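# Understanding the architecture of this molecule
Read off the chains here:
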Amino acid sequence: MSDKETALKVENLYFGYDKNKLIYKDFSLTLNKGELVSIVGSSGSGKSTLFELISNNLKPLKGKINASKVSCIYQDPYSSFHPSFEIVNQIGDVLDLNSIDFEVELNKRCKLLSLERELLNKKPHELSGGQLQRCSIVRALLMKPDLLLVDEPTSALDNIIAVDVMKLIVKQLENCAILLITHDMTLASWCSDKIINLNEILEK
């Protein structure tokens with residue numbers, strides 16, 4: 001694979017909130033466009049911490065992280081939107097509106113996610129968790145990322161919608177790489193090129 005196809009490269013990562021108790025010690029990962037890697041592990045094993053490091057919200061103690069254009073889908077959609085503003089405006093704020101036909105693309109993604117377009121004119125607290133999660137997925141996909149970070153994306157969705165959403169997310173592999181946090185080993189086995197169990201890393 002050429003460098004242009006590499007969406008994420010983590011090299012010799014060291015990190016811990018307590019320097020005397022590291023979560024990551026000499027951890028490396030390369031993820032290329034078209035690949036999906038799942039991160040599994042018990043609570044507190046460092047799954048969400050890895051996403052924060054890749055998103056540049058946390059700094060490694062040592063090592064390098066090089067990530068191409070990143071967008072995120074988090075488990076709690078209410079933390080992803082400001083409570084005071086309409087959702088459609090918050091989606092538009094993170095996009096290059098000169099590069100897309102916003103309404104056409106927005107309507108297309110809403111249809112794929114069985115989401116009524118009118119809901120995006122509301123504020124976050126006016127929607128259910130499932131509706132708002134689908135809004136966050138719409139936003140992430142419209143950003144056209146090279147790397148999509150996905151944290152338990154279907155936890156707020158009913159089973160039928162969850163299956164459709166995961167199929168849609170996996171379809172994005174045509175254009176990007178995906179790093180998925182999940183507790184569902186059946187899901188990870190179904191969609192992943194590789195599964196990384198952080199419990200095994202911590203035991204080393």
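Everything below is about the structure shown above.
Throughout what follows, the structure given in this document is the object of discussion. (Residues numbered from 1 in each chain as written. Predicted model: local features only at pLDDT ≥ 70, side-chain atom pairs only at ≥ 80, totals over all residues. Heavy atoms only, no water.)

Moving on: the pattern of salt bridges. With the rule as written, the count across this model stands at four salt bridges. For E103, the salt bridge goes to R117, with nearest N and O atoms at 2.9 Å. Separated by 14 residues along the polypeptide, E103 in helix 3 (residues 102–112) and R117 in the loop between helix 3 and helix 4 (129–142) bring together distant segments of the chain. Residues K108 and E105 are paired through a salt bridge, measuring 3.7 Å at the closest nitrogen-oxygen approach. Placement of the pair is K108 and E105 together in helix 3, with a separation of three residues, close to one helical turn. (Salt bridge = Lys/Arg side-chain N within 4 Å of Asp/Glu carboxyl O. Helix = DSSP H or I, 4+ residues; strand = E, 2+ residues; numbered from the N terminus.)

Another point: the packing of aromatic side chains. Enumeration over the complete set of coordinates arrives at two aromatic pairs. Residues F15 and Y17 carry aromatic rings whose centres are separated by 5.0 Å and whose planes lie at 85° to one another, so their mutual orientation is edge-to-face. Here Y17 falls in the exposed class, since its relative accessible area comes to 57%. Between Y24 and F27, the ring centres sit 5.1 Å apart and the planes meet at 55°, which makes this aromatic pair tilted. The class for Y24 is buried, based on a relative accessible area of 1%. Across from the ring centre of Y14, 5.0 Å away, lies the NZ or CZ of K62, which sits over that ring. Directly above the aromatic system of F81 lies the positively charged group of R139, at a separation of 4.0 Å from the ring centroid. (Phe/Tyr/Trp six-rings, centres within 6.5 Å; stacked < 30°, edge-to-face > 60°. Buried < 20%, exposed > 50% of the residue type's maximum accessible area, 1.4 Å probe, protein only. Lys NZ or Arg CZ within 6 Å of the ring centre and 35° of its normal.)

Mapped onto the secondary structure, H125 falls in the loop between helix 3 and helix 4. Put simply, H125 and E103 are 22 residues apart on the chain and 23 Å apart in space, counted from C-alpha to C-alpha. If we ignore the near neighbours within four places in the chain, the residues touching H125 are Y78 and P83. (Contact = heavy atoms within 4.5 Å.)

Nonpolar side chains tend toward joint burial in soluble globular proteins. Ranked by size, the top nonpolar core spans 39 residues in total, and within it I91, L120 and L148 carry the most contacts. Of all the secondary structure elements, the ones that give two or more residues to this core are helix 2 (87–93), helix 3, helix 4, strand 6 (147–151), helix 5 (159–171), strand 7 (177–181) and helix 6 (185–191). Counting residues per element, this core draws most heavily on helix 4, at seven residues. In this structure, L148 is in contact with S71, I73, A140, L141, I169, C176, A177, I178 and L179, ignoring residues within four places of it in sequence. Among the nonpolar cores identified, the runner-up in size contains 23 residues, and L13, V37, L147 and I196 belong to it. (Core = buried A, V, L, I, M, F, W, Y, C linked by side-chain atoms within 4.5 Å.)

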